[in-house]
Amino acid sequence: MTLFSSLLTGGWQWLAALGAVIAALGASYFGGKKIGKVQQQAKADSASAKKEAAQVAAVAKQQQQHREEAKRVETDNSNLDDAAARDKLQRSRYNQP
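Residues numbered from 1 in each chain as written. Predicted model: local features only at pLDDT ≥ 70, side-chain atom pairs only at ≥ 80, totals over all residues. Heavy atoms only, no water.

Student: Can you walk me through the overall build of the protein in this structure?
Tutor: When helices and strands are counted, the protein shows three helices and zero strands. Of the regular secondary structure in the protein, the N- to C-terminal order runs α-α-α. Relative to its 97 residues, the protein shows a buried fraction of 1%. Looking at the protein as shown, the accessible area adds up to about 8,900 Å², and 62% of this sits on carbon and sulfur atoms. (Helix = DSSP H or I, 4+ residues; strand = E, 2+ residues; numbered from the N terminus. Buried < 20%, exposed > 50% of the residue type's maximum accessible area, 1.4 Å probe, protein only. Areas by Shrake-Rupley, 256 points an atom, 1.4 Å probe, with all protein chains shown as cover.)

Student: What should I look at first to understand the packing of aromatic side chains in this one?
Tutor: The geometry of an aromatic ring pair comes down to the distance between the two centres and the angle between the two planes. For the structure shown, the criterion picks out one aromatic pair. Aromatic pair Y29 and F30: ring centres 5.1 Å apart, planes at 75 degrees, arrangement edge-to-face. Residue Y29 is classed as exposed on the basis of its relative accessible area, which comes to 52%. Take F30: its relative accessible area is 54%, and that puts it in the exposed class. (Phe/Tyr/Trp six-rings, centres within 6.5 Å; stacked < 30°, edge-to-face > 60°.)

Student: Is there a simple way to explain the pattern of salt bridges in this structure?
Tutor: Any two side chains of opposite charge can pair, given that their charged atoms come close. Going through the model one piece at a time under the given rule, you end up with three salt bridges. Note that E69 is salt-bridged to R72, the shortest N-O span being 2.4 Å. Taken together, the residues span about one helical turn, with E69 and R72 both in helix 2 (residues 12–78) at a distance of three residues. Exposure remark for R72: the relative accessible area of 41% places this residue in the partly exposed category. For D87, the salt bridge goes to R91, with nearest N and O atoms at 3.0 Å. Here the residue D87 and the residue R91 both occupy positions in helix 3 (residues 82–91), the gap between them amounting to four residues, near one helical turn. Through salt bridges with shared partners, one network takes in E69, R72 and D76. (Salt bridge = Lys/Arg side-chain N within 4 Å of Asp/Glu carboxyl O.)

Put into structure tokens, the structure is as follows:
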């Protein structure tokens, strides 16, 4: 008890310094933990955005291919005469009863 009372009366600066050091270590730990979470979330958001961009590009490419195929079929059909167009429609797999 005398040690504790002597520290309080004469060595309170050391206790204050020790308390400040402990507070600084705690603040550093919790601040670093928060920064780590923010960085991890940013990396996850970035990966998600890249994945979504890749999906959008794939859809756009597929749509372009569909447009090109539709245009090719339209051109082929416009070059047919009436008899050939009628025959093509009758032989179509979609015209079967």
